[in-house]
Amino acid sequence: AIHESGHSLGLEHSDSRDYGLRPLGAPGDAGVRTEYGDPFSAMGNAPYFGHYTAEQKLSLTWLTPDQVITVDGAGDFHITPMGSQSGGVKALNIDRGTNPTGRLWLEYRQPVGDYESTLPEEAFAGALIHYHDAANSVGRYAGHTDLLDFTPESFPDWDFADAPLAAGNSWVDPWSTLGLAITAADSDGLSVHVTEDACVTLSPLSVQVGPDGQSGSITVTAAAT
């Protein structure tokens, strides 16, 4: 009933995106989207009654704009559990560094209430992170977010049951300036440290030096900060 009611309200299925042994691929890499692949939302395909995702609840105005912080730079943030009735910030919408088409939606689950308490224990380990890829989310998927797996090394690697970025762990995007660290998590909420480290620019991107002792040069530049 919860799942079909979501469709009546205009929601699509809660999907996942798999990038093999990485939580997230390079900009432009669509990964492998699995329909129903998010086991923590009632719009996925799992025997649980988890709340709809942050993006879904915002689209329904069940979350107000001030409960979702848009993050476009470094900082420290705190969010409260999705199922909690205490109010406060429920999600972060984080810019993917130098990739203008990608954003990460970060939310937190705890076993509170009749619905979230049905989720498996793995759901409560840390931050659930969904990816909005504007370049590869068109048509019915426009604005859609897909669950990412931040323990991709577990077996099997397509199993999203242990997807959260756990408290005490961090992740640095190999293809952008973005970094995330989950600094604390308890029943009251989750704390996140977001970094935006500067990138260097190489020009040209590569230099070929032949076998006869030719020389070449490459310029390395970075912002003054």
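Residues numbered from 1 in each chain as written. Predicted model: local features only at pLDDT ≥ 70, side-chain atom pairs only at ≥ 80, totals over all residues. Heavy atoms only, no water.

**Concerning the overall build of the chain**
Point 1. A count of helical and extended segments in the chain gives three helices and 14 strands.
Point 2. For the chain, the spread of C-alpha atoms along the principal axes amounts to about 70 × 30 × 30 Å.
Point 3. Counting the 225 residues in the chain, one finds 46% classified as buried.
Point 4. Contacts in the chain between residues far apart in sequence, at least 24 positions, make up 54% of those at least 6 positions apart.
Point 5. Summed over its atoms, the accessible surface of the chain is roughly 11000 Å², and 54% of this surface lies on carbon and sulfur atoms. (Helix = DSSP H or I, 4+ residues; strand = E, 2+ residues; numbered from the N terminus. Buried < 20%, exposed > 50% of the residue type's maximum accessible area, 1.4 Å probe, protein only. Contact = heavy atoms within 4.5 Å. Areas by Shrake-Rupley, 256 points an atom, 1.4 Å probe, with all protein chains shown as cover.)

**Describing the nonpolar core**
Point 1. Leu92, Ile94, Leu104, Leu106, Ile129 and Leu180 are the most contacted members of the largest nonpolar core, which totals 24 residues.
Point 2. For this core, the secondary structure elements donating two or more residues are strand S4 (75–79), strand S5 (91–95), strand S6 (102–108), strand S7 (126–133), strand S11 (178–186) and strand S12 (189–196).
Point 3. In this view, Leu106 contacts Ile79, Lys90, Ala91, Leu92, Ile94, Ala127, Leu128, Ile129, Ile182, Leu190 and Val192; residues no more than four positions away in its chain are not counted.
Point 4. Core analysis: the second largest hydrophobic core is formed by eight residues, Phe40, Leu119, Ala123 and Phe124 among them. (Core = buried A, V, L, I, M, F, W, Y, C linked by side-chain atoms within 4.5 Å.)

**Observations regarding the pattern of salt bridges**
Point 1. The tally for this structure, following the rule as stated, stands at nine salt bridges.
Point 2. Ionic pairing is found between Asp146 and Arg17, a salt bridge with its closest N-O pair at 2.6 Å. On the criterion of sequence distance, the pair formed by Asp146 in strand S8 (residues 146–147) and Arg17 in strand S1 (residues 15–18) is long-range, its members being 129 residues apart.
Point 3. Salt bridges sharing partners connect three or more residues here, namely Asp15, Arg17, Arg33, Asp133 and Asp146. (Salt bridge = Lys/Arg side-chain N within 4 Å of Asp/Glu carboxyl O.)

**As for the side chain of Ser16**
Point 1. The residue Ser16 is located in strand S1 in this model.
Point 2. The exposure class of Ser16 is buried, given its relative accessible area of 2%.
Point 3. Once residues within four sequence positions are removed from consideration, Ser16 is found in contact with Val32, Arg33, Thr34, Gly37, Asp38, Asp146, Leu147 and Phe160.

**Some words on the packing of aromatic side chains**
Point 1. Summed over all chains, the structure comprises two aromatic pairs.
Point 2. Seen in terms of ring centroids, Phe150 and Trp171 are 5.4 Å apart; in terms of plane orientation they differ by 90°. Their pairing is edge-to-face. With Phe150 in the loop between S8 and strand S9 (165–166) and Trp171 in strand S10 (residues 170–172), this residue pair connects regions lying 21 residues apart in the sequence.
Point 3. The exposure class assigned to Trp171 is buried, which follows from its relative accessible area of 8%. (Phe/Tyr/Trp six-rings, centres within 6.5 Å; stacked < 30°, edge-to-face > 60°.)

**Here's the deal with unusual backbone geometry**
Point 1. If you check the backbone angles, Tyr36 has positive phi at about 70° while not being a glycine.
Point 2. You can see Tyr36 is positioned in the loop between strand S2 (32–34) and helix H2 (54–59).
Point 3. Judged by relative accessible area, Tyr36 falls into the partly exposed class, the value being 33%.
Point 4. Positioned with a positive phi, Thr61 is a non-glycine residue whose angle comes to about 60°.
Point 5. Mapped onto the elements of the fold, Thr61 is located in the loop between H2 and strand S3 (68–71).
Point 6. Residue classification places Thr61 among the exposed residues on the basis of a relative accessible area of 63%.

**A word on the side chain of Glu116**
Point 1. Secondary-structure assignment places Glu116 in helix H3 (residues 113–116).
Point 2. Only 3.1 Å separates the side chain of Glu116 from the side chain of Arg109, close enough to count as a polar contact.
Point 3. Here Glu116 is in contact with Gly50, His51, Met82, Gly83, Arg109, Gln110, Pro111 and Phe124, once residues within four sequence places are set aside. (Polar contact = N/O pair within 3.5 Å; in protein donor to acceptor, adjacent residues only side chain to side chain.)

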